[in-house]
Amino acid sequence: MISLCQAQSIIQFHMRPLSSENCLLIEAVGKFLAQDVYAEIDVPSFDNSAMDGYAFCYDASLKSYKIVGSIAAGSHLKIALNKGETAQIFTGAPLPEHADTVIAVEQVSASGGVIQFDPDVVFKGMHVRNKASQNSKGDCIAKKGTRVGHGLIALLASCGIKHIEVYRQPVVDCIITGSELQDLGSTLSDDNIYNSNGPAIHAFLLQCGIKIQNTLAAKDEKKILRDILDNSLQKSDLLIITGGVSAGAYDFVPEVLEEIGVIKLFHKVKQKPGKPIYCGIKEHRWIFGLPGNPASVLACLNQYIKPCISGLSGDPHMFNKYVFLPAKNSWKKKSGLSHILKAKIEENQVAILEGQESFNLLPFNQCNAFVVLEEDVDIVEKGDLVKAYFE
Ligand code: AMP
Ligand code: MG
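Residues numbered from 1 in each chain as written. Chains lettered and ligands numbered in written order. Predicted model: local features only at pLDDT ≥ 70, side-chain atom pairs only at ≥ 80, totals over all residues. Heavy atoms only, no water.

A. Highlighting the pairing of strand β28 (residues 385-390). Summarising the sheet, strand β22 (residues 322-326) and β28 pair through five bridges and their orientation is antiparallel. When the sheet's bridge partners are listed, Tyr322 is paired in β28 with Tyr389. The sheet contact formed by strand β26 (residues 369-373) and β28 spans four bridges and is antiparallel. By the bridge assignment, Val371 is partnered in β28 with Ala388. (Pairing = 2+ DSSP bridges. Helix = DSSP H or I, 4+ residues; strand = E, 2+ residues; numbered from the N terminus.)

B. Spatial organisation of the site of ligand 1. Taken together, the neighbourhood of ligand 1 is formed by 16 residues, with Glu180, Asn195, Asn197, Gly244 and Gly292 sitting nearest. The side chain of Glu180 places a nitrogen or oxygen atom 2.5 Å from an oxygen atom of ligand 1. Here Asn195 contributes a side-chain N or O atom positioned 3.0 Å from a nitrogen atom of ligand 1. Burial of ligand 1 by the protein amounts to 78% of the accessible area it has alone, namely 490 Å². Sorting the residues of the shell around ligand 1 by element identifies β13 (172-177) and β15 (193-194) as the ones contributing at least two each. (Near = heavy atom within 4 Å. Polar contact = N/O pair within 3.5 Å; in protein donor to acceptor, adjacent residues only side chain to side chain. Areas by Shrake-Rupley, 256 points an atom, 1.4 Å probe, with all protein chains shown as cover.)

C. Structural detail: the pattern of salt bridges. Under the criterion given, the structure shown has 14 salt bridges. A salt bridge links Lys143 to Asp36, with the nearest nitrogen and oxygen atoms 3.9 Å apart. Placement of the pair is Lys143 in the loop between β11 (140-142) and α2 (150-158) and Asp36 in the loop between β1 (20-24) and β2 (37-38), with a sequence separation of 107 residues. Taking the shortest distance from any N to any O, the salt bridge between Asp42 and Lys131 comes out at 3.8 Å. Taken together, the residues Asp42 in the loop between β2 and β3 (48-49) and Lys131 in the loop between β10 (128-129) and β11 connect sequence positions 89 residues apart. When salt bridges with common partners are traced through the structure, they connect Lys222, Arg226, Glu255 and Glu259 into a single cluster. (Salt bridge = Lys/Arg side-chain N within 4 Å of Asp/Glu carboxyl O.)

D. View of the packing of aromatic side chains. Applying the stated rule across the entire model yields eight aromatic pairs. Between Tyr322 and Phe324, the ring centres sit 5.6 Å apart and the planes meet at 80°, which makes this aromatic pair edge-to-face. These aromatic residues form a ring-pair network of at least three members: Phe56, Tyr65 and Phe117. (Phe/Tyr/Trp six-rings, centres within 6.5 Å; stacked < 30°, edge-to-face > 60°.)

E. Representation of the sheet that holds strand β17 (residues 238-242). Across the sheet, six strands lie side by side as β16-β13-β17-β21-β20-β18; this open sheet has mixed pairing. This sheet does not close on itself; its edge strands, each paired only once, are β16 (214-218) and β18 (263-267). Between one strand and the next, the sheet's axes are offset by a mean angle of 15°, whatever the strand orientation. Where β13 meets β17, five bridges bridge the pair, whose relative direction is parallel. Bridge pairing links Ile175 to Ile241 in β17. Running over the sheet, helix α1 (residues 4-14) touches β18, β20 (278-282) and β21 (285-290) and is turned about 155° from β18. Against the sheet, helix α3 (residues 197-207) contacts β13 and β17, and its axis sits at roughly 165° relative to β13. (Axes fitted to C-alpha atoms, helices over the stretch in contact; angles between N-to-C directions. Contact = heavy atoms within 4.5 Å.)

As structure tokens, then:
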């Protein structure tokens, strides 16, 4: 059986971003740049004031200036200043000709069309945003592989960029297997359980910025499963299956996947929960079979599916999303398997929660993270640094 680390290396090795698409800037949020982006203009494109105040040409010998005009932001007024002259100016307004310095309105006294100030508080170039001081036309302002967040959107918009080339996000289908499952809204029959994985995966994907294409339910019958899996594989980049991947008599998923031509990358990982996890590919389509226990599913979503979505979406650092934080409590485990533990990060510490059984969802009423303890770890003392992922 391979280790969690090996499983991640295998995924990384086979990962290729999906094709790219040209996208409206605001629709690119959460996606990854498929090309370096170059500025088409200087920003700022003109010298302008960083303050509401008065603009003038700096002269160390002067401490009063005559007001000869007023320039608002967006004004196209052209004023040329002579020695000893100033113009009232507002934040973002273009500097008048010959001006190189702005003094804030709070630092002057103005009366009779003249301003006066303490010359010690002024230096040449003060409160001026020079043309091209953010970037020059032609500069590379963002690199391929960068995630498009609202900050980057602001930067690109400031350069007048309306469309960008980003990697496509995966089309995801989900198949929930298990003859014992019932959907919410129906009265629970004896010996059945509610399908909690379906809603959890749906919500998880939304948090990743992905709207699931289809969620289908499959009974534990080989023929039904085969038809559903075969059909879904034609239409998605990533297929998430829950249940039916372990060693039970009704766990048909690995066998059926092989029959429909999926190449297995691994099946079973030295981890808890989620040991029977399956991963395969068919013609660049990814297939994950997650053991059905709800806590296994949630741990595997974070450990494997989120990085896989990132990798397909063009993230060059698909697996490096953890932090090391001091443990808030001590914890014991058997060595041999990596443990993925429900946890809560608060005040720069991480608490490992009670109720780690893989059927037990109660800790998710406060869980916001997972702690991963390596195979050889058997004890964590309070204050030890542990690897944690935000949920
Ligand atoms: P399996 O991996 O199919 O052997 O399922 C393992 C355990 O998870 C069993 O107790 C199942 O009843 C339970 N389980 C499987 N799928 C779901 C689901 N969608 N929602 C809640 N529990 C499930
Ligand atoms: Mg099952």
